[in-house]
Amino acid sequence: GGARAIVFNRLSARNFSLQVGATMAAAAVAPGLGEHWRKELPNHAVICRLKEQAAKAEPPSGDQRARLALPRDLMFGLGGELFLWDGERSAFYALSLRSLGGGEHDNLGRYQTLLCINPPFFEVYQTLLSPTQQYVALIGTKGLAILELPKRWGKNSEFEGGRAVINCSTIPIAERFFTSSTSLTLKHAAWYPSEMLEPHIVLLTSDNTIRIYSLNSPQTAVKVITLSNADEETLRLNKGRTYTALIGETAVAFDFGPLAAVPKNITGQRGKAEEVLAYPLYILYENGETFLTYLSLLHSTGSLGKLLGPLPMHPAAEDNYGYDACAVLCLPCIPNILVIATDSGMLYHCVVLEGEEDDEQMSVKSWDSKVDLIPSLYVFECVELELMLKLAPRKGEEPLEPDFSCPIKLHRDPKCPSRYHCTHDAGVHSVGLTWIHKLHKFLDSDEEDKDSLQELGAEQKCFVEHILCTMPLSCRQPASIQGFWIVSDILGPTMVCLTSTYECITKPLLSAVHPASPPLLCTTEDSQVIASPLRILAESQDPFERHIRKILSRSSANPLLLKAADKESSPPPEECLQLLSRATQVFREEYILKQDLALEEIHRRVKLLREQKKKQLEDLGYCREERKSLREMAERLAEKYEEAKEKQEDIVNRMKKVLRSIHSQLPVLSDSEKDMKKELQTIQEQLRHLGNAIKQVSVNSLEDEGCGQGRCGTQLMFYPEEIQLLWLPLAF
């Protein structure tokens, strides 16, 4: 739908890192499998049965319409299965989406029924699956019950091997409390997000109190958090409403943030104490104020669990960003990003950052003598949803702003953490925050100029898609959404939606908001690696692609329109003509004109590229001629080099001969000749000694022969050379 973003230019953040849970890309879908189950699901026996029940039901009265105005969610998914709640039978219908993709007609009537052993006495308007996927919360305004899912076994891993009807254990929560307090209503409920502990359910009641119950002791609250003064609650009007409720100082919703370390100034720890991990709980009041508390069922250190707030919002606004707040959602990233919704269709994207010392941190609601350094909310952008279609005015009439408001329910996207969905009486919107990655880079950088964030917001705005419109005209009664779920299995990311008449609508979701795949563990960044010219050339084309995407981006769209159930409630022809004119105008302005602009840009780009190609071809021909001339010149230089080398060798040989003759005629011996002379003299001395040694060896051999014949008994002793020469004549 139409979205207008208002970006504020103040955001001071230091030493924070944005960790957007990296999500994988869309899983591969078997050819034709996703389209087949989307086509067959509206014809399933469960959908047809619920549709018949809705058609036979009587029109709602005034009180029933007020109850129906509550945002409902009677459907959830688990893997490849879809669970739908039947209020008449107090049972769940579990049907397999994978079997619908097989193409067998018998699978349209196959499902399992999960009956409640102890059915709830109140009307269920919301179902909520636990983090451990073992329990389902049945939430109503006058009570809450927990249904335990049965065990699975068998070939297809069905409940109790595939039995058609199964009795399920049901645990009522705070039954005596809601029965004794007739004026008390349940405003919001959520599971405690821990998967390691036993399941706990958190309740927000109309007496401005949060209570936490365990399934082991469902009638006694484990923890109680009071959100208002006792004196304020004693002042009541005739109808039981308090003065704080009239001025909007009552909590309407809450949401948990990811597990984080609690600041030491809140826990009261000093020194090098271990960090206390807790879940931040953001509590939204009807007047737009947001409070914060940290919850941990494992620790009860210091002031853990104390109410902090209201959190200051920057930049400040006179109306405190609306007085009709109805829902809050915390996206799973660090720093946390809060989405605050109002009944008028306004969405505020707030970044939760630590408070600064110069901020006014004194809280009116904390009731503590100390001043707590609490976080602040920095409103990054504001988005206005198009709840009703804005039709073109008739001739002579002024355009009228549609005066329609309804509660909005926010849903997380299990596939993409940076995207969420909004359901309300007028349809469904999908919102994607494409600026989270840019914000991550900005917070990680050491930039001192925080005003540059305004440019970031002007370039990166959120992506809003109007998926379904159930109230295109003011004359139509709103068809509230009964169930909403995102199928994130291998069947493909698909939205499944049920209306109040149990019309089943399925639509594939856009993948433009999906984040990039996370890098592998083995990949390391090397700053010394030089990119190739081809890669640089390929990456240089991205700005033009982004430019075309920016031109083709739409600020409004034609959503799916839900037709009237009966012909009598059909709109008059004049309003149908306005609706057709509006659709035609959207197609002309958001599709045809933008495609024409993109086509002109592409033609202009092609013309420039052709001129550049022509110039590059001319340069290429010139370079070829230059290469040919350089090659010929290189051949000539090579021949000259060979000739010069031969001449140089001849000259070197002649110089050697001249130097040799000059040295031979010198009267004085050179150093080398002197060394040669010494070496020759040494050799002569060595030869003389060797000759003497040879003579000695020959004499010894003759003497050995004479001694062997007995003619000589005298032994020749080894004496020095001079004595041996004198002794030899005497021996003979």
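Every chain is numbered on its own, with residues counted from 1 as its sequence reads. Only residues with pLDDT of 70 or above have their local features reported here, since the model is predicted, and side-chain atom pairs are shown and tallied only from 80 upward, although totals for entire chains, interfaces and linings are computed over all residues. Each side-chain value is derived from all of the structure's non-hydrogen atoms; neither hydrogens nor water enter the calculation.

(A) Region of interest: the overall build of the protein. Going along the chain from the N terminus, every DSSP run of H or I of four or more residues is numbered as a helix, and every run of E of two or more is numbered as a strand. If you tally the helices and strands in the protein, you get 15 helices and 32 strands. Relative to its 732 residues, the protein shows a buried fraction of 40%. The contacts of the protein with a sequence gap of at least 6 include a subset with a gap of at least 24, amounting to 63%. When accessible area is computed with a 1.4 Å probe and restricted to protein chains, residues below 20% of their type maximum are described as buried, those above 50% as exposed, and intermediate ones as partly exposed. Should any heavy atoms of two residues lie within 4.5 Å, those residues are counted as being in contact.

(B) Here's a closer look at helix α2 (residues 45-56). Compared with an ideal rise of 1.5 Å per residue, which puts 12 residues at 16 Å, α2 spans 17 Å between its outermost C-alpha atoms and is within 8% of the ideal. Three or more residues of α2 are buried, namely V46, I47, L50 and Q53. One side of α2 holds all its buried residues, which, seen down the axis, span an arc of 125°. Turned more than 90 degrees away from the buried face of α2 sit A55 and K56, all of them exposed. Considering only its buried residues, α2 is in contact with β2 (81-86), β3 (91-96), β30 (494-499) and β31 (504-508). Expected helix span is taken as 1.5 Å per residue step, with the number of steps being one fewer than the number of residues. The arc in question is the one spanned by the directions pointing from the helix axis to the C-beta atoms.

(C) Molecular detail of the sheet that holds β30. The sheet built from three strands is open, its strands ordered β29-β30-β31 with antiparallel pairing. In this open sheet, the two edge strands, each paired with only one partner strand, are β29 (481-487) and β31. Across the sheet, the mean angle separating the axes of adjacent strands is 15° when strand polarity is ignored. In terms of strand pairing, β29 meets β30 through six bridges, oriented antiparallel. Looking across to β30, one finds that I481 is bridged to T499. Pairing between two strands is assigned when DSSP locates at least 2 bridges connecting them. Axis definition: a line fitted to C-alpha atoms, limited for helices to the stretch in contact. Angles are taken between N-to-C directions and run from 0 to 180 degrees.

(D) Structural context of the packing of aromatic side chains. Centres within 6.5 Å make a pair out of two Phe, Tyr or Trp rings, where for Trp the six-membered ring is used; the pair is then stacked when the planes are under 30 degrees apart, edge-to-face when over 60, and tilted otherwise. For the coordinates displayed, the defined rule picks out 12 aromatic pairs. Ring centres of Y192 and Y279 lie 5.4 Å apart, and the angle between their planes is 80°; this geometry places the pair in the edge-to-face category. Here Y192 is found in the loop between β12 (186-191) and β13 (200-205), whereas its partner Y279 is found in strand β18 (residues 277-285), with 87 residues between them in sequence. Take Y279: its relative accessible area is 14%, and that puts it in the buried class. Taken together, F76, F83, W85, F92 and F159 form an aromatic cluster joined through their ring pairs. Our definition puts a charge over a ring when NZ of Lys or CZ of Arg is within 6 Å of the ring centre and also within 35 degrees of the ring normal. The ring of F159 carries R152 above its face, with NZ or CZ at 4.0 Å from the centroid.

(E) Up close: the sheet that holds strand β20 (residues 313-314). Judged by pairing direction, the sheet is mixed, and its five strands sit side by side in the order β20-β24-β23-β22-β21 without closing on themselves. Both outer strands of the open sheet, β20 and β21 (325-331), are each paired with one neighbouring strand and no more. Here β20 runs beside strand β24 (residues 376-384); their pairing, made up of two bridges, is parallel. Across the sheet, M313 pairs through a bridge with L377, a residue of β24.

(F) Structural detail: unusual backbone geometry. The omega torsion across H314 and P315 is -10°, close enough to zero to call that bond cis. Looking at the element boundaries, P315 is found in the loop between β20 and β21. We note that S157 has phi near 55°; this positive angle belongs to a residue other than glycine. With respect to the helices and strands, S157 occurs in the loop between β8 (152-153) and β9 (158-159). Take S157: its relative accessible area is 38%, and that puts it in the partly exposed class.

(G) Molecular detail of the pattern of salt bridges. Whenever a carboxyl oxygen of Asp or Glu lies within 4 Å of a side-chain nitrogen of Lys or Arg, that contact is scored as a salt bridge. Using the criterion set out here, one finds 12 salt bridges in the structure. With its nearest N and O atoms 2.7 Å apart, the salt bridge here joins R152 to E81. With R152 in strand β8 and E81 in strand β2, this pair connects stretches of sequence that are 71 residues apart. Taking the relative accessible area as the measure of exposure, E81 reaches 14% and is therefore buried. Across the salt bridge formed by K507 and E465, the nearest N and O atoms sit 4.0 Å from each other. Placement of K507 in strand β31 and of E465 in strand β28 (residues 463-469) is noted, with a sequence separation of 42 residues between them.

(H) Just the environment of E195, in detail. Examined against the element boundaries, E195 turns out to sit in the loop between β12 and β13. Considered as a pair, E195 and S130 are 65 residues apart in the sequence and their alpha carbons are 8.9 Å apart. Once you skip the residues sitting within four places of it in the chain, E195 turns out to touch P131 and T132.

(I) Representation of the pairing of β31 in the model. Summarising the sheet, β30 and β31 pair through five bridges and their orientation is antiparallel. By the bridge assignment, T494 is partnered in β31 with P508. Hairpin remark: β30 followed by β31, antiparallel, with four residues in the connecting loop; positive phi at Y502, about 60°.

(J) Representation of the nonpolar core in the model. By size, the foremost hydrophobic cluster in this structure holds 38 residues, and its most contacted members are L41, L84 and F92. Setting aside residues up to four positions removed in sequence, L84 forms contacts with V46, I47, L50, L74, M75, A91, F92, Y93, L95 and L498. Only buried Ala, Val, Leu, Ile, Met, Phe, Trp, Tyr and Cys residues count toward a nonpolar core, and they belong to the same one when joined by side-chain atoms within 4.5 Å. Membership of the second largest hydrophobic core comes to 34 residues, among which are L353, F404, L439 and F442.

(K) Expanded view of a nonpolar patch on the surface. Grouping into patches uses exposed residues only, defined as over 30% relative accessible area, and leaves out salt-bridged ones; the cut-off is 9 Å for like charges and 5 Å for nonpolar side chains (Val, Leu, Ile, Met, Phe, Trp, Tyr). With residues, only the protein chains shown are counted as cover, and all accessible areas are computed by Shrake-Rupley using a 1.4 Å probe. A cluster of nonpolar side chains, M676, L680, I683, L687 and L690, forms an exposed patch at the surface whose accessible area comes to about 480 Å². When you line up the elements, M676 lands in helix α14 (residues 671-708). We classify M676 as partly exposed; its relative accessible area is 45%.

(L) Structural view of the environment of K142. You can see K142 is positioned in the loop between β6 (135-140) and β7 (143-148). With 63 residues separating them in the primary sequence, K142 and T205 have C-alpha atoms 9.7 Å apart. Once residues within four sequence positions are removed from consideration, K142 is found in contact with F122, F178, S181, T182, S183, L184 and T185. We define a polar contact as two N or O atoms separated by no more than 3.5 Å, with the added condition that, inside protein, one atom must be a possible hydrogen donor and the other a possible acceptor, whereas residues neighbouring each other in sequence contribute only through side-chain atom pairs. Within the structure, the side chain of K142 is placed 2.8 Å from the backbone oxygen of L184, a separation counted as a polar contact.

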